[in-house]
Amino acid sequence: MPRTRRPLLDALALPASKTSVPRLIGRIALGAALVFAGTTHLTVARREFRAQVPDWVPLDDDLVVLGSGVAEIALGAGLVALPKRRVPAGLATAAFFVAIFPGNISQYLTHTDAFGLNSDRARFIRLFFQPVLVLWALWSTGAWAALRNSTRR
């Protein structure tokens, strides 16, 4: 019986390959940025982050902010401290960035000021940075290459 192709699961099972210095620096920088951002979710920027929770989310805004902050800290720590598991960490981080993108869209559509984004133009420009974060997570962890290689098998 032929094996069913499961590129994502295959990519998760691959051992971590060697990485380049630029990818290592990129992964650690992204991890540190996530730990920092997650910490601000829990402390000094909670009000700002609550402004980004879309009205249609059926949970308390503060709960969403605290949960996403904990997730960011965990993802950032994983990117830094688990180099042999960097592919799954990169995939999880990219998925997280995709999952929180509706908050950025909502902030633009509802004209909500937060983080100095006090114009529609500034909020619109910010939307283009989320795909950059997704690509950064996939590139710096080797997850993009692992996914490509798993589909070739």
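Before reading further, recall that the structure is shown in the block above.
Residues numbered from 1 in each chain as written. Predicted model: local features only at pLDDT ≥ 70, side-chain atom pairs only at ≥ 80, totals over all residues. Heavy atoms only, no water.

**Here we look at the packing of aromatic side chains**
- Under the counting rule described, the total for this entry stands at 4 aromatic pairs.
- Here Phe-49 and Phe-115 contribute two aromatic rings whose centre-to-centre distance is 4.7 Å and whose plane-to-plane angle is 65°, an arrangement assigned as edge-to-face. Here Phe-115 lies in the loop between α5 (86-109) and α6 (120-127) and Phe-49 lies in helix α3 (residues 46-50), a separation of 66 residues in the sequence.
- Relative to Phe-97, the ring of Phe-96 lies with its centre 6.1 Å away and its plane at 55°, an arrangement referred to as tilted. The exposure classification of Phe-96 matches that of Phe-97, with both residues buried.
- Through pairs of rings, three or more aromatic residues link up here, namely Tyr-108, Phe-124 and Phe-128. (Phe/Tyr/Trp six-rings, centres within 6.5 Å; stacked < 30°, edge-to-face > 60°. Helix = DSSP H or I, 4+ residues; strand = E, 2+ residues; numbered from the N terminus. Buried < 20%, exposed > 50% of the residue type's maximum accessible area, 1.4 Å probe, protein only.)

**Description of a nonpolar patch on the surface**
- A surface patch of nonpolar side chains, about 500 Å² in accessible area, is lined by Phe-124, Ile-125, Phe-128, Phe-129 and Val-132.
- Of all the elements in the fold, those that place two or more residues in the nonpolar patch are α6 and α7 (129-140).
- Take Ile-125: it is sitting in helix α6. (Patch = residues over 30% accessible without salt bridge, like charges linked within 9 Å, V, L, I, M, F, W, Y side chains within 5 Å. Areas by Shrake-Rupley, 256 points an atom, 1.4 Å probe, with all protein chains shown as cover. Salt bridge = Lys/Arg side-chain N within 4 Å of Asp/Glu carboxyl O.)

**Looking at the packing of helix α2 (residues 21-42) against α7**
- Running from N to C, α2 and α7 cross one another at 130°; their axes reach a closest spacing of 8 Å. With respect to α7, the axis of α2 lies oblique. Crossing of α2 against α7: the hand is left-handed. Residues Pro-22, Arg-23, Gly-26, Arg-27, Ala-29 and Leu-30 of α2 form the contact with α7, whose own contacting residues are Leu-133, Trp-136, Ala-137, Trp-139 and Ser-140.
- The residue inventory of the contact of α2 with α7, partitioned by class, reads 7 nonpolar, 2 polar and 2 charged. (Axes fitted to C-alpha atoms, helices over the stretch in contact; angles between N-to-C directions. Parallel < 35°, antiparallel > 145°, perpendicular 65-115°, else oblique. Left-handed = near helix turned anticlockwise from the far one by under 90°. Contact = heavy atoms within 4.5 Å. Nonpolar A, V, L, I, M, F, W, Y, C, P; charged D, E, K, R; others polar.)

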